[in-house]
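Each chain, written out:
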Amino acid sequence: MKKALEAIAAAAILASASQALATPSTVFWTPATTYTQPFLVPHVTYDTYFAELGSYPIDTGLTMGVIPSDVVQGEVGFDLFYPGKGKSALYLNGKLTLVEDKLFSGQPGLSVGMMLIGFEKDVTDYNMLHATLGKGFSFGTLAVGGYYGLNDKLFVNAAGEKEQAGFLASYITPDVPVGLKGLDHVNFFGDVQTGSNVFGAWGIGVGLYFTPAIDLLTGPIFFNEPSLQPGGVSWMWTVQLDVDIDFGKPPPPPK
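Model, not experiment: these values are computed from the prediction.

Caption draft 1: Summary view of the overall build of the protein. A tally of helices and strands in the protein yields zero helices and 13 strands. Scanning the protein from its N terminus toward the C terminus, one meets helices and strands in the order β-β-β-β-β-β-β-β-β-β-β-β-β. For the protein, buried positions account for 49% of its 255 residues. For the protein, the exposed surface amounts to about 11,800 Å²; the carbon and sulfur share of it is 67%.

Caption draft 2: Summary view of the packing of aromatic side chains. Within this structure, the stated rule accounts for 14 aromatic pairs. Ring plane angle 90° and centroid distance 5.8 Å describe the contact between Tyr-49 and Tyr-56, whose orientation is recorded as edge-to-face. Here Tyr-126 and Phe-155 contribute two aromatic rings whose centre-to-centre distance is 5.9 Å and whose plane-to-plane angle is 85°, an arrangement assigned as edge-to-face. Here Phe-155 lies in the loop between β7 (140–149) and β8 (165–172) and Tyr-126 lies in the loop between β5 (109–117) and β6 (128–137), a separation of 29 residues in the sequence. The exposure classification of Tyr-126 matches that of Phe-155, with both residues buried. An aromatic cluster of at least three residues, connected via ring pairs, comprises Trp-29, Tyr-49, Tyr-56 and Phe-223. The positively charged end of Lys-135 is found above the aromatic ring belonging to Phe-137, 5.8 Å away from the centroid.

Caption draft 3: Up close: unusual backbone geometry. A cis amide bond, omega 5°, links Tyr-82 with the succeeding residue Pro-83. Note on placement: Pro-83 falls in the loop between β3 (72–82) and β4 (90–98). A positive phi is found at Leu-40, a non-glycine position, where the angle reads about 60°. By the secondary structure assignment, Leu-40 is in the segment before β1 (42–50). Backbone geometry places Leu-116, a non-glycine residue, at a positive phi of 60°. Note on placement: Leu-116 falls in strand β5.

Caption draft 4: View of the nonpolar core. By size, the foremost hydrophobic cluster in this structure holds 27 residues, and its most contacted members are Trp-29, Tyr-56, Leu-116, Tyr-126, Ile-221 and Phe-223. When contributions to this core are tallied by element, the ones reaching two or more residues are β5, β11 (201–211) and β12 (214–223). A per-element tally of this core places β12 first, with three residues.

Criteria and thresholds
- Residues numbered from 1 in each chain as written.
- Predicted model: local features only at pLDDT ≥ 70, side-chain atom pairs only at ≥ 80, totals over all residues.
- Heavy atoms only, no water.
- Helix = DSSP H or I, 4+ residues; strand = E, 2+ residues; numbered from the N terminus.
- Buried < 20%, exposed > 50% of the residue type's maximum accessible area, 1.4 Å probe, protein only.
- Areas by Shrake-Rupley, 256 points an atom, 1.4 Å probe, with all protein chains shown as cover.
- Phe/Tyr/Trp six-rings, centres within 6.5 Å; stacked < 30°, edge-to-face > 60°.
- Lys NZ or Arg CZ within 6 Å of the ring centre and 35° of its normal.
- Core = buried A, V, L, I, M, F, W, Y, C linked by side-chain atoms within 4.5 Å.

As structure tokens, this is what we get:
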């Protein structure tokens, strides 16, 4: 969560003609979270989305915190979608966050960012702005926000009409300790992105944390406009593997 205002660099999606998605720090389907990757801690992701009649390319990506501050944090990253081709497989993202409770007690966190930064004009350059307010409570974490797609040729509905803006929201339960040798804890979550464009969808899932730094998220994603999805599917199953790699100094050995 930290270092320099170079906050436009990385995240993702590719899927023939009119499909998309992207992965800076996200909940499940959406960027409706104020969580920001810690400073100089790389986050590696391997995401799959599939159904019987259609699927997205496999997403492999990396996001890392770039601002060494406890008050304002930032992350940048990239994603590669394969099968893909050349520069159409690459997307960038970046985000800045005002951390929760740092200005005054009860202050929500605030994140603003950009994702789906592609490099083929009117093909992959979705360039989606997003902003989120989030707050942790004893019953879980709530977040609300909105998004706006800068490319009005790609943010369209099934009739080809502009559909550039919408609402974001998410809920994550508190961690449920498990304490098994191979399973540290679990949590449950749901998020939604409104709009009749390719990104409009909602999902629910479970997070299985093998360690605090390695998790597997899985569950269904339901699309608002199936005709814009691969194979015209109304939903897909997703499996998302996430690994944080902390290169900080190890703790001293016990005496």
